[in-house]
Amino acid sequence: MVTLDLRHVASPAVRDLLHLINQPDFDRAQQQIERLGGCTEPVRLTGQSTTVDTATGEVLRSYASSDEPTGSLLTTCGNRRASRCPACSRLYAADTYHLIRAGLSGGKSVPDTVRTHPRVFATLTAPSFGPVHNRPDARPCRCGTRHKPADPLLGIPLNPATYDYSGAVLFNAHAGALWARFTTYLRRELAVRLGMTQKAARAVLRVSFAKVAEYQKRGLVHFHAVIRLDGPDGSTQPPPPYASVAVLTDAIRAAAPRARISVDSDALGERELGWGQQLDVREISAFGTDAEFSDQAVAAYVAKYATKSADASGTLDRSLFCRPCQGRGATLLPHGTALPCSVCDGTGQARPLPRLAVARHVRQMIRTCWELGRLPEFADLKLWKWAHMLGFRGHFSTKSRAYSTTLGALRAARRAWRTEQAHAHASLPKHGPDTTLVVRHWDYLGSGYSPGAALLAAHVWHRREAERQFAAEGGC
């Protein structure tokens, strides 16, 4: 028998891992971590769940977190940001892919005939708030340099002193409202081109869409959207023949410039926010997988950006406020630091911005959010809370009601399948939702792993990534 003196193991994580492995119930702990699929920051819950047969009152299954090795139940964090949790963001991207694909090709309760509906892939960009380093086609940047794709100067203002940082932050903060205004004008422009009143157009036509926000290197959001024309009942009904792709494209190009929002401030004066001049509208091919804008290609493109956030532009992926405060006490915390909430005085007085490991341009965007957030006319924008997102406070992935299925429906189907698999593994009889009652009570205990368990989770993630890569390369 070989004994190991854990005092001679330098790394605390390794010591904790060896301690975990030597526990008699290690197999159950490993099973929990394996089930999470490599989630980096799981949620720890305490409580119990009981499944009862409503006809007989028999307890079919009972579970208590106290029976677990750690005394808690681990569940995935569900964070969509790839920089925070690669495992959960991959699952979110997969769900988004199926949601977008269903609205293009059918499936998931959407009929296959939806692929014959007029649909386009549109990109609406932000306007210019000052010249920045870029890579224009066939000519050098304004600075005289031909920048490489990974050049850190890309997106940085040529002259930060004259760059309109206030306008950039306000555009991000109003981007969601601008999109809503754009869809309103789009319906109006469609009615004009069809020679109808808006009421008559609504009786024969419906605009369905799914969009995702992407950060440019200059720290501004733009939207990629699948826009589709349906009949009045949605995806199950085609639009009239005269509602063509050409009509939809023309209406989009006319509606985008009309979408404007006026902002009035005593400190900044009155200004008008709108979309940039770069507007791209491409028809999505109905059939074939080799086309650049096929169903599969567009769905994969949208899903990729659904899991990215402001960190793609070199900024932060979490709020600068502590969790209990959430901006009410006006206390900024350094990235990655968890200070007690006792530092929040609740007076709303601005404190110095902490030193953050971000580019100077991004830091100035965050500082502008912090300064504008102190103005009473911008209080409803909650710029302090969303400073880490450079002012953008909307959802990254949204869709209209009739576009396709929902993320909730996809998650419910996956949850039902997992429940069925668990019942089969435990040799429990099958019961439908109408014949059973599940009584649950859960309390939040915390989040994250112990140092040793984190090593096991990282191993699970890297192993599954290797398996996915092997399968993608044609392995068997």
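Computed from a predicted model, the values in this text were never measured in an experiment.

### A few points about the side chain of His-224
At step 1: Residue position: His-224 is located in strand β6 (residues 221-230).
At step 2: At a separation of 2.5 Å, a polar atom in the side chain of His-224 contacts the side chain of Glu-214.
At step 3: When sequence neighbours within four positions are dropped, the list of residues in contact with His-224 reads Phe-121, Ala-122, Thr-123, Ala-210, Lys-211, Val-212, Glu-214, Tyr-301 and Tyr-305.

### Brief notes about the nonpolar core
Nonpolar side chains in soluble globular proteins generally cluster together in the buried interior.
At step 1: Trp-179, Phe-182, Leu-186, Ile-227 and Trp-275 are the most contacted members of the largest nonpolar core, which has 63 residues in total.
At step 2: If you list the elements that add at least two residues to this core, you get β4 (119-124), α4 (165-193), β5 (206-215), β6, α6 (245-258), β7 (260-265), β9 (279-283) and α8 (360-372).
At step 3: When residues in this core are grouped by element, the largest group, 13 residues, is from α4.
At step 4: Within the second largest apolar cluster, 20 residues are counted, among which are Leu-104, Phe-293, Ala-303 and Leu-407.

### Section: the packing of α4 against α6
When two helices pack together, their arrangement is given by the angle between their axes and by how far apart the axes lie.
At step 1: Where α4 contacts α6, the two axes come as close as 8 Å, and the packing angle between them is 130°. What the angle tells us is that α4 and α6 run oblique. Our pair here, α4 against α6, has a crossing hand that is right-handed. Where α4 abuts α6, its residues Phe-182, Tyr-185, Leu-186, Glu-189, Leu-190 and Arg-193 lie against Val-247, Leu-248, Asp-250, Ala-251, Ile-252, Ala-254, Ala-255, Ala-256 and Arg-258.
At step 2: Tallied by class, the residues present in the contact of α4 with α6 amount to 11 nonpolar, no polar and 4 charged.

### Some words on the pattern of salt bridges
At step 1: Inspection of the entire model under this criterion finds 16 salt bridges.
At step 2: Taking the shortest distance from any N to any O, the salt bridge between Glu-68 and Arg-28 comes out at 2.6 Å. A residue pair is termed long-range when its members are at least 10 positions apart, and Glu-68 in the loop between β2 (59-64) and β3 (73-75) and Arg-28 in helix α2 (residues 26-35) qualify at 40 residues.
At step 3: Look at Glu-68 and you get buried, because its relative accessible area is 6%.

### Quick word on the packing of aromatic side chains
At step 1: Under the criterion given, the structure shown has 14 aromatic pairs.
At step 2: Judged by centre distance (6.0 Å) and plane angle (80°), the ring pair of Phe-171 and Trp-275 falls under edge-to-face. Linking Phe-171 in helix α4 with Trp-275 in the loop between β8 (269-274) and β9, this pair joins segments that are 104 residues apart in sequence. Just as Phe-171 is buried, Trp-275 falls in that class too.
At step 3: Members of the aromatic cluster, each reached through a chain of ring pairs, are Phe-129, Phe-171, Trp-179, Phe-182, Phe-209, Tyr-215, Phe-223, Trp-275, Phe-392 and Phe-396.
At step 4: Across the ring face of Tyr-185, the terminal group of Arg-188 is positioned such that the distance to the ring centre comes to 5.1 Å.
At step 5: The ring of Phe-223 has Lys-211 lying over it, and the distance from NZ or CZ to the ring centre is 4.2 Å.

Cut-offs and rules
- Residues numbered from 1 in each chain as written.
- Predicted model: local features only at pLDDT ≥ 70, side-chain atom pairs only at ≥ 80, totals over all residues.
- Heavy atoms only, no water.
- Helix = DSSP H or I, 4+ residues; strand = E, 2+ residues; numbered from the N terminus.
- Polar contact = N/O pair within 3.5 Å; in protein donor to acceptor, adjacent residues only side chain to side chain.
- Contact = heavy atoms within 4.5 Å.
- Core = buried A, V, L, I, M, F, W, Y, C linked by side-chain atoms within 4.5 Å.
- Buried < 20%, exposed > 50% of the residue type's maximum accessible area, 1.4 Å probe, protein only.
- Axes fitted to C-alpha atoms, helices over the stretch in contact; angles between N-to-C directions.
- Parallel < 35°, antiparallel > 145°, perpendicular 65-115°, else oblique.
- Left-handed = near helix turned anticlockwise from the far one by under 90°.
- Nonpolar A, V, L, I, M, F, W, Y, C, P; charged D, E, K, R; others polar.
- Salt bridge = Lys/Arg side-chain N within 4 Å of Asp/Glu carboxyl O.
- Phe/Tyr/Trp six-rings, centres within 6.5 Å; stacked < 30°, edge-to-face > 60°.
- Lys NZ or Arg CZ within 6 Å of the ring centre and 35° of its normal.

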